[in-house]
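# Coordinates in review
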Amino acid sequence: MKIGQKLQLYVLLVTGLIFVLAIGYISLKNRDKALRDTATLVDTYAANYAENISNSFNADMAVVRTLAQVFYVNNFMPVQEWKPLFVKMYRQVFENNPHFYALWDSWEYTHVRPNWNLPHGRFLNYHFWENGEIGYQELERSLDGDPPLYNMAKESGREMIWEPYPDQLVEGATTSTLMTTFTVPMFHNNRYVGLVGLDIALTSLQQMISDIRPFEGSYAFLVSHDGLYAAHPVTQYLEQPIAKNLEEDDEEFQILERIKAGDAFSFISNREKSENFYYSFAPVYVGETRTPWSMGMAVPVKHIREEARSHFVASILIGLAGLIIIGFIIRLVSLSISKPIKKLTLFMKRLARGEIDKSMKLEISTGDELQEMSEAFNTSIGGLLTKTNFALDIGKGDLDARLALLSDEDVLGRSMLEMQDDLKKARDEEEARKEENKIRTWASEGYAKFSEILRNNNDDLEELSFDVIKNLVKYLDANQGGLFVLNDEDAHNKFLELKGCYAYDRKKYLEKVIQPGEGLVGTCFLEGKTTYITDIPESYIRITSGLGDSNPGALIIVPMKYNERVYGVIEIASFHEFTPWQMEFIEKIGESLASTLSSVKTNLRTTALLEVSQQQAEEMKAQEEEMRQNMEELHATQEEIARKAAEMQGILNALDSSSYIIEYDLSKRIINISDSYLKLLKLSRNEVLGTHHSEKLEFTPEQKKEYEKFWDDIMKGKIKHQKIRVNVNGKIFWLDEIYAPIFNQNGNVYKIFKIAHNITDTIHLTEKYEEEIGKLKEKMKKLHTGN
């Protein structure tokens, strides 16, 4: 081989080997790093979606838990008294939670029937959606024994989430909907008395799971505690065991056992569609249950490695291009070599061995191409020395080292600069990833911390408000904050009330009321949007400590909004400015707090309704007692007619046990009537519903004159009393009636409730008494005249 050919061959081989090793090493490292980073990202996605599902389930479980607590508080009342009250309460719960399918409470006969001696048997109050309306059924169950699911919930003695099961939401439907049930047991004196349950469809979860595709070819799924698919993009898998789909993986990685243990885990499998998949599982905890579900994600490994593969191909192409260019240059140089070949050969041999030194410079003054070649060789040696020093600096971590290119065609120099840029970019990306992970960890720990606070203090609004604002100020490293809660007890005078204030590690006992629209806080409440300002007026707020006071550097005001309704406002001031992710964190905490406030207010309203119903029951008993005493006094004054006393007592007993109920709309037409009233009038329900109040009533002249005023007083919220004569098909009734207006949540009358007592026999008997007394007086007068 000629010298030029050998030179070209040696340089190409050495350069090619260096390029292959460098590019191969960097590509392999990038591929492994990309795989690790993407796996971590997939795990984070799974954990975040699991947390979202857990929060949704926990909110529904909180409703069931609240209902169970309300039932427990009122279990001393007779069943006939609390049933109608809780029908109204269930309606309110359904209106606030339209995604509920059914709510039910089950009561053991051993609790409500003292003489029941079987260990099973119960009655069920079942409330459900049907054709856009809320339906209600009273059912008997477990007379011949408890079914397995109910018996499991009964024996567990704790909150439960049931395994997915199919159910037909519409009677006669050809397809079924996958459902689950949340249950909370009730105990009285440490004895099981019943269960409160919530049935929900998993349709919305199925839609959400189908939309989760963070990577090409990836999909998500939800698995129950016993390993059944509760949600999956392929609907044929629903309610099927995961072990059937991943049988060999279940044996190798113990999938079902780790789901039951509530573990977060991952693995790579090549058993699905003959393709490698990366699986990641994150636990989904619900309330106080001990049966966690699991959120799973599957991502094709080939897509995870696609980025590293593309970089590898690009590196090879660049390397080949560099080798071609170097070969072409060497070919040109070798053609101009003719004389002082030995000296040049010596240096070339040294260069071929990889030696680079300052002494390797040619001093050739031939004035021809060889001199130019020597000068070029000397320039190359100098450039290689510079690049070597540059590479050493890079290897020591000095990514800001400078390298001057030999020319615009300095391919090696440009490649090294590109490598420097790639390393800088990799460093910046790594720092950015670390910062993102730090922020994500900070936010996750914060959500968990405040979820625990909201769960522990959701029965005391004052303590809850202070705990939230105190921990929020500390967690944000702010200086002071206040939490304003909407007070809507008076529908005509709603205002924001300061419930919690905290500054410099101390609780502030301040009383402050802000009207909606007043100042920044009131404006934020009305608009329902976050307000963030850094140019704060001097007179707006001061941060005071033992060393003095100063104007804050930033102020954020966030509405506590849930289901498009604002329940209050969070205001936090700090010397430092808030970052976007801190503001997003405050807004999410505001949403969670608004959801908790909604539940707390619902509990307070429920308690108030119970107190009103109890008061009404006591008033009714007092009225009955007063009537009984009046009848006894009447009996005492009529001692001379002892024969009639027994008949009178029977009438009084019948009157004491009889009461009739009618409900009217605002147009004075009947919208509901009790069966006892229909039985009294001997009319069917269809004959009565929709008739006007005045039909079949015989008014006295005074009642006719005062009729409109009577109803106007009722419409204004007054309770009215009257005795009225009713003519039904020629039969006359006398009724003692009480009219009471019923108000809606806005304080307006929307229907009238009437309680009537049949006093027909009493009126007739009184007339007879008066007739007998008249006759007795006539006899006494005749006797007196005779004497």
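This structure is a prediction, so every number in the text was calculated from the model and none was measured.

Our next topic: the overall build of the chain. On a plain count of helices and strands, the chain comes out with 22 helices and 27 strands. Residue pairs in contact within the chain that sit at least 24 positions apart in sequence constitute 54% of those at least 6 positions apart. Accessible area of the chain: about 44500 Å², with a carbon and sulfur share of 52%.

Quick look at the pairing of strand 20 (residues 554-562) now. Burial within strand 20 is extensive, with seven of its nine residues counted as buried. Strand direction decides the pairing type here: strand 17 (residues 531-533) and strand 20, joined by three bridges, are antiparallel. Its bridge partner lying in strand 20, Thr-531 is registered against Ile-557. The pairing of strand 20 with strand 21 (residues 565-574) spans nine bridges and is antiparallel. Its bridge partner being in strand 21, Lys-561 is matched across the sheet by Val-566.

Right, let's get into the pattern of salt bridges. One side chain can pair with another of opposite charge once the charged atoms of both are near each other. Tallying each qualifying case throughout the model produces 19 salt bridges. For the salt bridge of Glu-430 with Arg-433, the shortest nitrogen-to-oxygen distance reads 3.3 Å. Within this pair, Glu-430 and its partner Arg-433 are both found in helix 13 (residues 411-456), separated by three residues, close to a single helical turn. One salt-bridge network, in which partners are shared between bridges, spans Glu-108, Asp-146 and Lys-154.

Spatially, 23-22-27-26-25-24 is the arrangement adopted by the six strands of the open sheet, whose pairing is antiparallel. Bordering the open sheet on either side are strand 23 (670-673) and strand 24 (697-698), each of which pairs with just one other strand. In the sheet, strand 22 (residues 660-664) pairs with strand 23 via three bridges, with the strands oriented antiparallel. Across the sheet, the residue bridging to Glu-663 is Asn-672, located in strand 23.

This brings us to helix 15 (residues 519-527). Along helix 15, the residues that are buried comprise Val-521, Gly-522, Cys-524 and Phe-525. Projected down its long axis, helix 15 shows its buried positions confined to an angular sector of 160°, all on one face. Facing away from the buried side of helix 15, by more than 90 degrees, are the exposed residues Leu-526 and Glu-527. In the core, the buried residues of helix 15 are packed alongside strand 13 (480-487), strand 14 (495-503), strand 16 (513-514), strand 17, strand 20 and strand 21. In the stretch just after helix 15, Gly-528 is the one whose phi turns positive, near 70°.

Attention now moves to the packing of aromatic side chains. Under the counting rule described, the total for this entry stands at 36 aromatic pairs. Here the aromatic rings of Phe-450 and Phe-585 are separated by 6.0 Å at their centres, their planes lie at 65°, and the arrangement is edge-to-face. Of the two residues, Phe-450 is situated in helix 13 and Phe-585 in helix 16 (residues 580-637); the sequence distance between them amounts to 135 residues. Each member of the pair, Phe-450 together with Phe-585, is buried. Each member of the aromatic cluster is reached from another via a ring pair, and the members are Tyr-219, Phe-221, Tyr-229, Tyr-237, Phe-253, Phe-265, Phe-267, Phe-277, Tyr-279 and Phe-281. Over the aromatic face of Tyr-109 sits the side chain of Arg-113, whose NZ or CZ is 4.0 Å from the ring centroid. When the ring centre of Tyr-150 is taken as origin, the NZ or CZ atom of Arg-122, which lies over that ring, is 3.7 Å away.

We now examine the nonpolar core. Phe-57, Phe-182 and Met-295 are the most contacted members of the largest nonpolar core, which totals 53 residues. For this core, the leading source of residues is helix 1 (residues 3-73), giving 14 residues. Once you skip the residues sitting within four places of it in the chain, Phe-182 turns out to touch Phe-57, Asp-60, Met-61, Val-64, Met-160, Ile-161, Val-196, Gly-197, Leu-198, Ile-200 and Val-286. Among the nonpolar cores identified, the runner-up in size contains 34 residues, and Trp-442, Ala-443, Ile-453 and Val-473 belong to it.

Turning our attention to unusual backbone geometry. Notably, Gln-254 is not glycine yet its phi reads approximately 50°, a positive angle. Mapping Gln-254 onto the fold places it in the loop between helix 7 (247-253) and helix 8 (255-260). Notably, Lys-682 is not glycine yet its phi reads approximately 60°, a positive angle. Topologically, Lys-682 is positioned in the loop between helix 18 (675-681) and helix 19 (685-688). What makes Lys-682 exposed here is its relative accessible area of 68%.

Contact geometry for helix 13 and helix 14 (residues 461-475): axes closest at 10 Å, N-to-C directions at 165°. Relative to helix 14, the element helix 13 lies roughly antiparallel. Judged by the sense of rotation from one axis to the other, the crossing of helix 13 with helix 14 is right-handed. Contacts between helix 13 and helix 14 involve Trp-442, Glu-445, Gly-446, Lys-449, Phe-450, Ile-453 and Leu-454 on the former and, on the latter, Leu-464, Asp-467, Val-468, Asn-471, Leu-472 and Tyr-475.

With that out of the way, let us pick up the pairing of strand 25 (residues 720-728). As paired strands, strand 24 and strand 25 are joined by two bridges and run antiparallel to one another. Following the sheet pairing, Glu-698 is matched in strand 25 by Arg-725. Sheet topology places strand 25 next to strand 26 (residues 731-743); nine bridges connect them, and they run antiparallel. Each residue of the ladder has a partner; that of Val-728, found in strand 26, is Lys-731. Between strand 25 and strand 26, which pair antiparallel and follow one another directly, the connecting turn spans two residues, one of which, Asn-729, has a positive phi of 50°.

Along the chain, Lys-754 falls in strand 27 (residues 749-758). Taking the relative accessible area as the measure of exposure, Lys-754 reaches 3% and is therefore buried. A polar contact is formed between the side chain of Lys-754 and the side chain of Tyr-664, at a distance of 3.0 Å. With near-sequence residues (within four places) excluded, Lys-754 lies in contact with Tyr-660, Ile-661, Ile-662, Tyr-664, Tyr-677, Glu-737, Ile-738 and Tyr-739.

Let us now look at a nonpolar patch on the surface. On the surface, Val-313, Ile-316, Leu-317 and Leu-320 cluster together into a nonpolar patch covering about 340 Å² of accessible area. Its place among the elements puts Leu-317 in helix 10 (residues 306-335).

Right, let's talk about helix 14 for a bit. Under the 1.5 Å per step criterion, the end-to-end length of helix 14 is 21 Å for 15 residues, consistent within 8% with the ideal 21 Å. Burial runs high along helix 14: eleven of the 15 residues are buried. Inspection of helix 14 places Leu-461, Leu-464, Ser-465, Phe-466, Asp-467, Val-468, Ile-469, Asn-471, Leu-472, Val-473 and Tyr-475 among the buried residues, and these make up the whole buried set. One or two residues past the end of helix 14 sits Asp-477, with phi positive at roughly 55°.

We now examine the confidence of the model for the chain. Averaged over the chain, the pLDDT score is 80; the fraction of residues at 70 or greater is 83%. Contacts from residues 504-509, a stretch scored under 50 in pLDDT, to residues over four places away or in other chains number 13 contacts. Every residue in residues 651-656 is under pLDDT 50, and counting partners more than four places away or in other chains gives ten contacts.

Along the chain, Thr-38 falls in helix 1. Residue Thr-38 is classed as buried on the basis of its relative accessible area, which comes to 14%. Through-space distance from the C-alpha of Thr-38 to that of Val-299 is 9.7 Å; in sequence the pair is 261 residues apart. Residues contacting Thr-38, with those up to four places away along its chain left out, are Phe-215 and Ile-304.

Calculation rules
Each chain carries its own residue numbering, running from 1 in the written order of its sequence. The predicted origin of the model limits local features to residues at a pLDDT of at least 70 and limits the giving and counting of side-chain atom pairs to 80 or more, whereas totals for whole chains, interfaces and linings rest on all residues. Side-chain numbers here rest on the full set of heavy atoms in the structure, without hydrogens or water. The helix and strand labels rest on DSSP assignments: H or I over at least four residues marks a helix, E over at least two residues marks a strand, and numbering proceeds from the N terminus. Any two residues whose heavy atoms approach within 4.5 Å are treated as being in contact. The protein chains shown are the only cover counted for residues, whose accessible areas, like all others here, come from Shrake-Rupley with a 1.4 Å probe. Working definition: with a 1.4 Å probe on protein chains only, accessible area under 20% of the residue-type maximum means buried, over 50% means exposed, and in between means partly exposed. Paired strands, in this sense, are two strands between which DSSP finds at least two bridges. By salt bridge we mean one thing: a side-chain nitrogen of Lys or Arg within 4 Å of a carboxyl oxygen of Asp or Glu. For this quantity, the arc is that covered by the directions from the helix axis to the C-beta atoms. Any two rings among Phe, Tyr and Trp, with Trp reduced to its six-membered ring, count as a pair given centres within 6.5 Å; such a pair is stacked if its planes are under 30 degrees apart, edge-to-face if over 60, and tilted if neither. Whether a charge sits over a ring depends on NZ of Lys or CZ of Arg being within 6 Å of the ring centre and within 35 degrees of the ring normal. Among buried residues, the Ala, Val, Leu, Ile, Met, Phe, Trp, Tyr and Cys ones that are joined through side-chain atoms within 4.5 Å form a nonpolar core. Axis lines are fitted through C-alpha atoms, for helices just across the contact stretch, and the angle between N-to-C directions can take any value from 0 to 180 degrees. Roughly parallel refers to an angle under 35 degrees, roughly antiparallel to one over 145, roughly perpendicular to one between 65 and 115, and oblique to any angle outside these ranges. Helix crossings are classified by the rotation of the near helix relative to the far one: an anticlockwise turn of less than a right angle makes the crossing left-handed, while a clockwise turn makes it right-handed. Polar contacts, as used here, are pairs of N or O atoms within 3.5 Å; protein pairs need one atom able to donate a hydrogen and one able to accept it. Residues neighboring in sequence count only if both atoms are side-chain atoms. Patches here are clusters of residues that have more than 30% relative accessible area and form no salt bridge, with a 9 Å joining cutoff for like charges and a 5 Å cutoff for nonpolar side chains (Val, Leu, Ile, Met, Phe, Trp, Tyr). How far a helix is expected to stretch is found by multiplying one less than its residue total by 1.5 Å. pLDDT runs from 0 to 100 and stands for how confident the predictor is about each residue.

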